[in-house]
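# Topology and contacts: notes
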Amino acid sequence: MRHLLTTKGLDRDTAIGILDVAEEMAEASARTVKKLPTLRGKTVVNLFFEDSTRTRISFEAAAKRLSADVINFAAKGSSVSKGESLKDTAQTLAAIGADAVVIRHPASGAPTVLARSGWIDAGIINAGDGTHEHPTQALLDAFTIRRRLHGDASRGKGLDGVTVTIVGDIVHSRVARSNVWLLTALGAVITLIAPATLLPIGVGHWPVAVGHSLDRALETNPDVVMMLRIQSERMQASFFPNAREYSRQWGLDDERMARLYPTTIVMHPGPINRGLEISSAAADSAQSTVLEQVTNGVSVRMAVLYLLLSGEREGLA
Ligand code: ASP
């Protein structure tokens, strides 16, 4: 694997391969001494042009557990805020000797530009670009579902026939897009539930079923309910009447939570707007995987860094 820019086009075997390596990493992380020497001497740069808590510290922890050197570069407070271009930043990172660049950027496609530019010869990992994709989030979500369903017997398995209902602000969600491509490749059956205003144009061509009623979707007892954050920072217009109206129709509140099958998994990528798209009780319940997702994120990112930076990458163009 040279870069990880998108989950679109990632085939089933490759995806299962990444999840299986992540299983190995999880096993190593459960030991008293969590650190592996695998990436000693490699430099990983976290290049964040957009705010992040979980993803940035998760990549940092992942790289450190593999003994890589980590440079955290938040674009705020750097020369980027003085107008330095992506090209100049990339060339600076190349001059420093970065082996991998983990990039988060508000513009959809920025990681792809970097990967194709020739400005830098590092492995590029997309850590969220605009409304486009967030591949490691989808991988950690798939890993989390697989583990909840199969436990220690997860290795080698896909998600065949697993029903996943993704709810909320689909139009602005890179998490939803990456999950649709990845979970479908793994065999899951996906339904998107949202008000019409929060569905993207062209969703009819996605490999999913689409509906507007959360209550009707819950009647089908899906295996997984994935709630998405309302992305107010990406909303220039008003997409629903008001917060109360939204949570009444599309929020996973206590009453809806009580109606779920006890085996249904409740997911959320974070950060959570408690009381808006999900109630506190739902987010903190035993059925919720919110914190497991964070833990698993480190194992999955270790796997991705390992696959990009270990021997396999050498010799590739
Ligand atoms: N943390 C995820 C992302 O960066 C989800 C979110 O922000 O709502 O896309």
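Residues numbered from 1 in each chain as written. Predicted model: local features only at pLDDT ≥ 70, side-chain atom pairs only at ≥ 80, totals over all residues. Heavy atoms only, no water.

## Digging into the layout of surface pockets
Over the atoms rolls a probe the size of a water molecule, and in doing so it shows where empty space is left. Taken as a whole, the largest pocket spans an internal volume of roughly 430 Å³. Looking at the largest pocket, it is lined by 22 residues, and the ones nearest its centre are R104, R174, R229, G270 and P271. For the lining of the largest pocket, the secondary-structure elements that each account for two or more residues are α2 (54-65) and α6 (174-185). For the lining of the largest pocket, a count of residues per class yields five nonpolar, nine polar and eight charged. If you add up the space inside the second largest pocket, you get close to 200 Å³. If you trace the second largest pocket, you find 17 residues lining it, with A283, D284, S288, V290 and L291 closest to the centre. Ranked by the residues each element gives to the lining of the second largest pocket, the list is headed by helix α11 (residues 290-309), at four residues. (1 Å grid on protein atoms, 1.4 Å probe; cavity = no way out; pocket = protein on both sides within 12 Å on 5 of 7 lines; lining within 4 Å. Points joined across faces, edges and corners; volume = space filled by probe spheres on them. Helix = DSSP H or I, 4+ residues; strand = E, 2+ residues; numbered from the N terminus. Nonpolar A, V, L, I, M, F, W, Y, C, P; charged D, E, K, R; others polar.)

## Observations regarding empty space enclosed by the protein
All told, the structure shown has one cavity of 30 Å³ or more when counted by the stated rule. In terms of lining residues, the largest cavity is bounded by R54, T55, S58, Q137, L140, H268, P269, V290, Q293, V294, G297 and R301. Elements that contribute at least two residues to the lining of the largest cavity include exactly α2, α5 (135-150) and α11. Among the elements that line the lining of the largest cavity, the one with the most residues is α11, at five residues. For the lining of the largest cavity, the residue count by class is four nonpolar, six polar and two charged.

## Considering the site of the ligand
Residues in close proximity to the ligand include R104, H134, R174, V175, R229, Q231, P269, G270 and P271, which together make up its full environment. For the ligand, an oxygen atom lies 3.1 Å from a polar atom in the side chain of R104. R174 is positioned such that a nitrogen or oxygen atom in its side chain is 2.8 Å from an oxygen atom of the ligand. Burial of the ligand by the protein amounts to 93% of the accessible area it has alone, namely 260 Å². (Near = heavy atom within 4 Å. Polar contact = N/O pair within 3.5 Å; in protein donor to acceptor, adjacent residues only side chain to side chain. Areas by Shrake-Rupley, 256 points an atom, 1.4 Å probe, with all protein chains shown as cover.)

## Regarding the packing of aromatic side chains
A complete count under the given rule lists three aromatic pairs for this structure. Ring geometry for W181 versus W206: centroids 5.5 Å apart, planes at 55°, classification tilted. In this pair, W181 is assigned in helix α6 and W206 in the loop between β6 (189-193) and β7 (209-211), connecting sequence segments 25 residues apart. The residues W181 and W206 share a single accessibility class, namely buried. Linked through ring pairs, F240, Y246 and W250 together constitute an aromatic cluster. The aromatic ring of W181 is capped on one face by K8, whose charged end is 4.4 Å from the ring centroid. (Phe/Tyr/Trp six-rings, centres within 6.5 Å; stacked < 30°, edge-to-face > 60°. Buried < 20%, exposed > 50% of the residue type's maximum accessible area, 1.4 Å probe, protein only. Lys NZ or Arg CZ within 6 Å of the ring centre and 35° of its normal.)

## Brief notes about the sheet that holds β7
The strand order across the open sheet formed by five strands is β7-β6-β5-β8-β9, and the pairing between neighbours is parallel. Strands with a single pairing partner mark the edges of an open sheet, and in this sheet they are β7 and β9 (265-267). Averaged over all adjacent pairs, the angle separating strand axes in this sheet is 20°, with direction ignored. Where strand β5 (residues 163-167) meets β6, five bridges bridge the pair, whose relative direction is parallel. (Pairing = 2+ DSSP bridges. Axes fitted to C-alpha atoms, helices over the stretch in contact; angles between N-to-C directions.)

## Notes on α2
Along its twelve residues, α2 runs 16 Å from first to last C-alpha, staying within 8% of the 16 Å computed at 1.5 Å per residue. Along α2, the positions that sit buried rather than exposed are T55, S58, F59, E60, A62 and A63. Residues of α2 that are buried sit in contact with β1 (43-48), β2 (69-74), β3 (100-105), β4 (123-129), α5 and α11. Just past α2, the residue S67 takes up positive phi, approximately 70°. (Expected span 1.5 Å × (residues − 1). Contact = heavy atoms within 4.5 Å.)

## Let's talk about helix α1 (residues 12-29)
Helix length check: α1, at 18 residues, gives a terminal C-alpha distance of 25 Å against a target of 26 Å (1.5 Å per residue), a fit within 8%. When we look at burial in α1, the residues that qualify are A15, I16, I18, L19, D20, V21, A22, E23, M25, A26, A28 and S29. Considering only its buried residues, α1 is in contact with α2, α5, α6 and α11. Capping of α1 at its N-terminal end is provided by D11; its side-chain oxygen lies 3.1 Å from the backbone amide nitrogen of D13.

## Structural notes on the sheet that holds β1
Reading across from one edge, β2-β1-β3-β4 is the order of the four strands in this open sheet, with parallel pairing throughout. In this open sheet, the two strands that pair with only one neighbour each are β2 and β4. Sheet twist, expressed as the average angle between the axes of neighbouring strands with direction ignored, equals 15°. Where β1 and β3 come together, five bridges link them in parallel fashion. By the bridge assignment for β3, F48 is matched with R104.

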